[in-house]
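# Residue-level structure breakdown
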Amino acid sequence: MGASLCKIAETAFNLLPRNLQNFARSRLPRATIPRQAATPSGLALPSPVHATLTPAELGDGQIIVIGDVHGCPVELNALLDKCKFQQGSDKVVFVGDLVNKGEQSAEAVHLARQIGGISVRGNHDEMALERYEMWKKCGRLDPKYKYLEQFSEEDVEYFRQMPFSLSIPSHGVLVVHAGIVPGTPLEDQLLDDLINMRHVGAEGGANRYKALPKFPRSAGQPWANIYNGPQHVIFGHHARRRLQPCRFATGIDTGCVLGDQLTAVVLPPVSKLRSMGVASPPTGSVTMESIGGQLVSVRAKRCYKAEDND
Ligand SMILES: [Mn+2]
């Protein structure tokens, strides 16, 4: 009886509009909140929602974590060269937003897949997937998403399976697109926040925070300024602030598509960590210096899109 009541409550909850669900999630005690049953735009969840790059999958190459590509494969190629990317031994991880804004979204995705890159999901990847599913259902394709015609079934599946976060335990690193609410465990973060948030505000008690909506833009502060670890979070999304070299988080959306730079964090192979005298997994809160992370950037060939805020 209890179980079926729970099921009914959960079904009813999932029928609420998404913004109401998110509002309720931010107000209700955690234990009473149903698990998120779909992505923020109502699509099927990837499996897993939160992925892990295990030491076995990692091998012993460097890890190259790359900022928001937004349809700029030329700069992506230049950045890989500058990082001395070795296919087969190095692992490439993207902070998401491979597509939109730039002119070569499909080419960027093809390159990302060809080099064996893993991407966490960005808000623009989620939007692209939503448009794709709508196109297949209703037959209409928004002209801004015409590049989806160049997607193969494998490209689409790559998008469907983009996780909302990627942990790299060997280096004590967590990769997400937009951010995490400090003090909230990963499993309890709203998926919508992981791909959209920028600022947090205080919520009641000491060290309790919540993600603030995009508008009105004003209150709160960038989440990374108050985040304390333990994992070092590498993220993108906030191009307006460009590089955010915070103590326990590094924001690497340096506005390539806006004509500025494409940036990577290059993490050393596990063997190098050990030779540096760093435990793997690291102990305590992780800084860029403590794991030997290096920033590498290339300049955009030109400005593809005027400055904006999404
Ligand atoms: Mn974004």
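Residues numbered from 1 in each chain as written. Predicted model: local features only at pLDDT ≥ 70, side-chain atom pairs only at ≥ 80, totals over all residues.

## Some details on the overall build of the chain
When its secondary structure is counted, the chain shows ten helices and 14 strands. Against the globule reference of 19 Å for 310 residues, the chain gives a C-alpha radius of gyration of 19 Å, in line with a compact fold. If one aligns the C-alpha atoms of the chain with their principal axes, the spans along those axes are about 60 × 50 × 40 Å. When each of the 310 residues of the chain is scored for burial, the buried share is 41%. Sequence separation of 24 or more characterises 70% of the internal contacts of the chain that already satisfy a separation of 6 or more. (Helix = DSSP H or I, 4+ residues; strand = E, 2+ residues; numbered from the N terminus. Rg over C-alpha atoms; globule rule 2.2 N^0.38 Å. Buried ≥ 20, exposed ≤ 12 C-beta atoms within 10 Å, placed from the backbone. Contact = placed C-beta atoms within 7 Å.)

## Looking at the sheet that holds strand β2 (residues 63-66)
Pairing within the open sheet is mixed, and its five strands lie in the order β4-β3-β2-β13-β14. Each edge of the sheet is formed by a strand with only one pairing partner; in this case those strands are β4 (118-119) and β14 (294-299). Where β2 and strand β3 (residues 91-94) come together, four bridges link them in parallel fashion. Each bridged residue has a counterpart across the sheet, and for Ile64 the counterpart in β3 is Val92. The strands touched by helix α4 (residues 73-82) are β2, β13 (261-267) and β14; relative to β14, the strand with the most contacts, the crossing angle is about 140°. (Pairing = 2+ DSSP bridges. Axes fitted to C-alpha atoms, helices over the stretch in contact; angles between N-to-C directions.)

## With respect to helix α5 (residues 105-114)
The complete set of buried residues in α5 reads Ser105, Ala108, Val109 and Ala112. One side of α5 carries all its buried residues, which in axial view fall inside an arc of 100°. Packing partners of the buried residues in α5 comprise α4, β3, β4 and α7 (153-160). Once α5 finishes, Gly116 follows within two positions and takes phi at roughly 75°, a positive value. (Arc of directions from axis to C-beta.)

## Structural notes on α4
Here α4 has its buried residues at Pro73, Glu75, Leu76, Leu79 and Leu80. One face of α4 carries all of its buried residues, which in axial projection span an arc of 155°. Here the buried face of α4 lies against β2, α5, β13 and β14. Once α4 ends, the next one or two residues include Lys84, with phi positive near 55°.

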